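# Chain and residue survey
Below, each chain spelled out in residue letters.
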Amino acid sequence: MNSLAGWLYRRAENVLAAMLAIMFFAFILQIIFRYLLNLPIGWTNEISSILWLWLVLWGAAFVLREEEEIRFDLIYAAAGPGMRRAMMLLTGGALLLLYGASLPAVADYVAFMKVEKSAYLKIRFDWLFSIYVIFVLAVLVRYIWLCWQALKGKAPQALDPTKAASGV
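This write-up is about the structure you can find in this document.

How each quantity is defined
Residues numbered from 1 in each chain as written. Predicted model: local features only at pLDDT ≥ 70, side-chain atom pairs only at ≥ 80, totals over all residues. Heavy atoms only, no water. 1 Å grid on protein atoms, 1.4 Å probe; cavity = no way out; pocket = protein on both sides within 12 Å on 5 of 7 lines; lining within 4 Å. Points joined across faces, edges and corners; volume = space filled by probe spheres on them. Helix = DSSP H or I, 4+ residues; strand = E, 2+ residues; numbered from the N terminus. Patch = residues over 30% accessible without salt bridge, like charges linked within 9 Å, V, L, I, M, F, W, Y side chains within 5 Å. Areas by Shrake-Rupley, 256 points an atom, 1.4 Å probe, with all protein chains shown as cover. Salt bridge = Lys/Arg side-chain N within 4 Å of Asp/Glu carboxyl O. Core = buried A, V, L, I, M, F, W, Y, C linked by side-chain atoms within 4.5 Å. Buried < 20%, exposed > 50% of the residue type's maximum accessible area, 1.4 Å probe, protein only. Axes fitted to C-alpha atoms, helices over the stretch in contact; angles between N-to-C directions. Parallel < 35°, antiparallel > 145°, perpendicular 65-115°, else oblique. Left-handed = near helix turned anticlockwise from the far one by under 90°. Contact = heavy atoms within 4.5 Å.

A volume near 1000 Å³ is recorded for the largest pocket. Along the wall of the largest pocket there are 25 residues; nearest its centre are Ala5, Tyr9, Arg65, Arg142 and Trp145. Breaking the lining of the largest pocket down by element, the ones donating at least two residues are helix H1 (2-36), helix H2 (43-63) and helix H6 (130-151). Among the elements that take part in the lining of the largest pocket, H6 stands out by supplying 7 residues, more than any other.

What follows is about a nonpolar patch on the surface. On the surface, a nonpolar cluster with roughly 920 Å² of combined accessible area is contributed by Phe24, Phe27, Ile28, Ile31, Ile32, Tyr35, Leu36, Leu37 and Leu39. Topologically, Tyr35 is positioned in helix H1.

Residues other than glycine seldom take positive phi values, yet Asn38 does so here, at roughly 50°. In this structure, Asn38 sits in the loop between H1 and H2.

The next subject is the nonpolar core. Counting 23 residues, the largest nonpolar core has Leu16, Met19, Trp58, Tyr99 and Phe135 as the members making the most contacts within it. Elements with a contribution of two residues or more to this core: H1, H2, helix H4 (81-112) and H6. Looking at this core, the element that brings in the most residues is H6, giving 9 residues.

It is worth spelling out the packing of H2 against H6 at this point. Between two packed helices, both the angle of their axes relative to each other and the distance between the axes serve to describe the pair. Axis separation between H2 and H6 bottoms out at 8 Å; the angle between their running directions is 15°. The pairing of H2 with H6 is recorded here as roughly parallel in orientation. The interaxial crossing formed by H2 with H6 has left-handed handedness. The residues of H6 that touch H2, namely those facing Leu53, Trp54, Leu57, Trp58, Ala60, Ala61 and Phe62, are Ser130, Ile131, Tyr132, Ile134, Phe135, Ala138 and Arg142.

Rendered as structure tokens:
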């Protein structure tokens, strides 16, 4: 099971890297066309904006690890294992409640957006914003798992200030 999870994690990173490469290429193309050829093209700006949205939410859903998430490090680092478990249950429960309550409205709104299309690429907005539904589902699954682990007695990983994180 761990090898499958590792393989899926690496593929999610590959998708993220591909999106970043395409976004960078579109950005460079936009500069070339606008400033060297004096021929501004709109689709490059649109694809960059779309990919930025997908990059952030895809990365947060599938690539960002739990210990890389933003937290109040001073409080979290000072807490013992029991307190970290309690913090996980409190924040995880709140996130499950909030994201779970918002999911039907989010899905309904994204489905409603099928009537709109992007200006240049003519991509339906429900396809563009579907990443948010995927993100919410991934967050729900992640925090169900983390809360389950905390309930079983496993405390979240203690903060190690000597180790460098990615800073994502």
